[in-house]
Amino acid sequence: MKAIRHHIHGSLFVEEGQTALLLKNASPDDKGIDSLYLRYAFTVKGTEERILPAFVLDDWGTEIKGLDLYQWVDEYGNQFPRAELFGFNLYGQEMQCFLRELELYSRLFCYAYPHHNTPLSEGVLLDTVWLPDDTVQQPTKIKRPASIRPPLPSIQASWWRVNPQVDRDQN
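Keep in mind it's a predicted model, so treat the numbers as computed, not measured. (Residues numbered from 1 in each chain as written. Predicted model: local features only at pLDDT ≥ 70, side-chain atom pairs only at ≥ 80, totals over all residues. Heavy atoms only, no water.)

S.K.: Got a minute to help me understand the layout of surface pockets in this structure?
M.R.: Space left empty within the atom packing is revealed by a probe, the size of a water molecule, rolled over the atoms. Space inside the second largest pocket adds up to approximately 330 Å³. For the second largest pocket, the lining is made up of 18 residues, of which Y70, D74, L104, S106 and S154 are closest to its centre. Residue contributions to the lining of the second largest pocket peak at six residues, all from helix α1 (residues 68–76). Across the lining of the second largest pocket, the residue classes tally to nine nonpolar, five polar and four charged. (1 Å grid on protein atoms, 1.4 Å probe; cavity = no way out; pocket = protein on both sides within 12 Å on 5 of 7 lines; lining within 4 Å. Points joined across faces, edges and corners; volume = space filled by probe spheres on them. Helix = DSSP H or I, 4+ residues; strand = E, 2+ residues; numbered from the N terminus. Nonpolar A, V, L, I, M, F, W, Y, C, P; charged D, E, K, R; others polar.)

See the structure below:
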């Protein structure tokens, strides 16, 4: 069993305890020097513990895997409260819970990893996503883009258009 991961191309910037992702390609065809891996965590009600999914078993034993799991939970989570989510906590320990135990209306937490085999405990929580745009001179806050495939637009982060050529220290 492995936690679901989303391969992207991008760069991470950490400043004053905040982490930003400069998203270059949300659906690359191959690995590259700028490959990163994202994992999305649900929140467990009451404990506020985060769970990184591996798969869901619905009421009839059907397994839902991969990034499509997030869309399935969004669409059917309330209809299948007894469906079970199997995954890991942020320390890599296996967990399972019923979907009724999750905060289904909360945005997902997103953790970035430099390699596909980086331990779960070494993920960096994203606070901001920057979309490169050569036409903007100043960073511009935007709404979550509809053009990017879920679950990435469903994370707890702010979204900005930034000019990747502009020196960030000038702001």
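S.K.: Before we go on, may I ask you to explain the pattern of salt bridges in this structure?
M.R.: Any two side chains of opposite charge can pair if their charged atoms end up close together. Scanning the entire structure with this criterion turns up five salt bridges. A salt bridge links K65 to E63; the shortest N-O distance between them is 3.2 Å. Classification of K65 as exposed rests on a relative accessible area of 53%. In this structure E63 comes out as partly exposed when scored by relative accessible area, which is 42%. In this structure, D133 engages R161 in a salt bridge whose closest nitrogen and oxygen atoms are separated by 4.0 Å. Highlighted residues: D133 in the loop between β10 (128–132) and β11 (140–142) and R161 in strand β12 (residues 158–162), separated in sequence by 28 residues. On the basis of relative accessibility, which here comes to 17%, the residue D133 falls in the buried class. (Salt bridge = Lys/Arg side-chain N within 4 Å of Asp/Glu carboxyl O. Buried < 20%, exposed > 50% of the residue type's maximum accessible area, 1.4 Å probe, protein only.)

So far we have only geometry, and geometry alone does not tell us how the molecule works.
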